[in-house]
Amino acid sequence: MAGETVITVIGNLTADPELRFTPSGSAVANFTIASTPRTFDRQSNEWKDGEALFLRASVWREAAENVAETLTKGMRVIAQGRLRSRSYDTKEGERRTVMELEVDEIGPSLRFASAKVTRTQRSGGGNGGFGNGGGGFSNAPQQSAPAQAPRQQQPQQGGGWNAPAADPWSTGGNNGGGWGNPGADEPPF
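First things first, this report covers the structure right here in the doc. Just so we're clear, the structure is a prediction, and the values are computed from it rather than from any experiment. (Residues numbered from 1 in each chain as written. Predicted model: local features only at pLDDT ≥ 70, side-chain atom pairs only at ≥ 80, totals over all residues. Heavy atoms only, no water.)

## Quick notes on the overall build of the chain
And step 1. Each helix and strand counted, the chain has one helix and eight strands in total.
And step 2. Start at the N end of the chain and walk to the C end: the helices and strands fall as β-β-β-β-β-β-α-β-β.
And step 3. Here the chain, with 189 residues, has 24% of them falling under the buried criterion.
And step 4. Partitioning the intrachain contacts of the chain with sequence separation of at least 6 by distance along the chain shows that 51% fall at a separation of at least 24. (Helix = DSSP H or I, 4+ residues; strand = E, 2+ residues; numbered from the N terminus. Buried < 20%, exposed > 50% of the residue type's maximum accessible area, 1.4 Å probe, protein only. Contact = heavy atoms within 4.5 Å.)

Here it is as structure tokens:
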């Protein structure tokens with residue numbers, strides 16, 4: 001929607017994400033991100049922590065299950081989403097308003113750590129991918145792709161990338177053409 005406040009937050013998880021399911025079966029993971037600004041004090045010649053921001057966050061559906069399986073207390077994460085305000089009444093009858101982050105994208109920060117990525121199988125026939133198969137990046141069967149696996153791509157004349165046919169990250173698939181395959185003249189975006 002237009003006018004939404006989209007923010008990116010970098011911080012540490014204060015606890016393991018809590019995974020729950022709605023009565024309709026949708027997964028939701030709730031967690032808190034603590035983001036502490038650091039500044040360098042030239043007089044004392046050391047770094048000083050500022051006041052921490054504790055932001056409640058939630059992520060839905062398949063991403064919620066991935067978050068619950070992957071992220072744990074203390075991990076440094078990068079989260080992007082929409083800032084929402086929610087009002088409620090306390091037991092004492094006081095009206096309170098809180099700010100929460102409805103997460104669209106989240107992952108571990110690789111600034112001080114490394115991670116191994118494993119693609120998950122898509123459960124539905126959604127149309128979220130580039131290929132005609134729906135849900136994935138190509139018409140080829142979904143495969144796990146380790147993050148450290150070299151993609152061995154090289155620029156080809158005329159634009160695009162010359163990705164091997166067995167590369168599950170290739171957006172061209174088996175549909176004859178597509179970005180990265182002969183005959184492609186435009187990217188998929």
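## Side note on the pairing of strand β2 (residues 18-21)
And step 1. By the bridge criterion, four bridges tie β2 to strand β3 (residues 27-35) in an arrangement that is antiparallel. Residue pairing for β3: F21 is matched across the bridge by A27.
And step 2. Counting the residues in the hairpin turn of β2 and β3 gives five residues, including G25, whose phi is positive at 100°. (Pairing = 2+ DSSP bridges.)

## Comments concerning the nonpolar core
Soluble, globular proteins show a tendency: their nonpolar side chains are buried together.
And step 1. In this structure, L13, F31, I33, V59, V67, L101 and V103 are the most contacted members of the largest nonpolar core, which totals 16 residues.
And step 2. For this core, the secondary structure elements donating two or more residues are β1 (6-13), β3, β6 (53-60), α1 (61-70), β7 (76-89) and β8 (95-108).
And step 3. It is β3 that provides the largest number of residues to this core, a total of four residues.
And step 4. Leave out the neighbours within four places in its chain, and V59 touches A27, V28, A29, F31, A64, V67 and V103. (Core = buried A, V, L, I, M, F, W, Y, C linked by side-chain atoms within 4.5 Å.)

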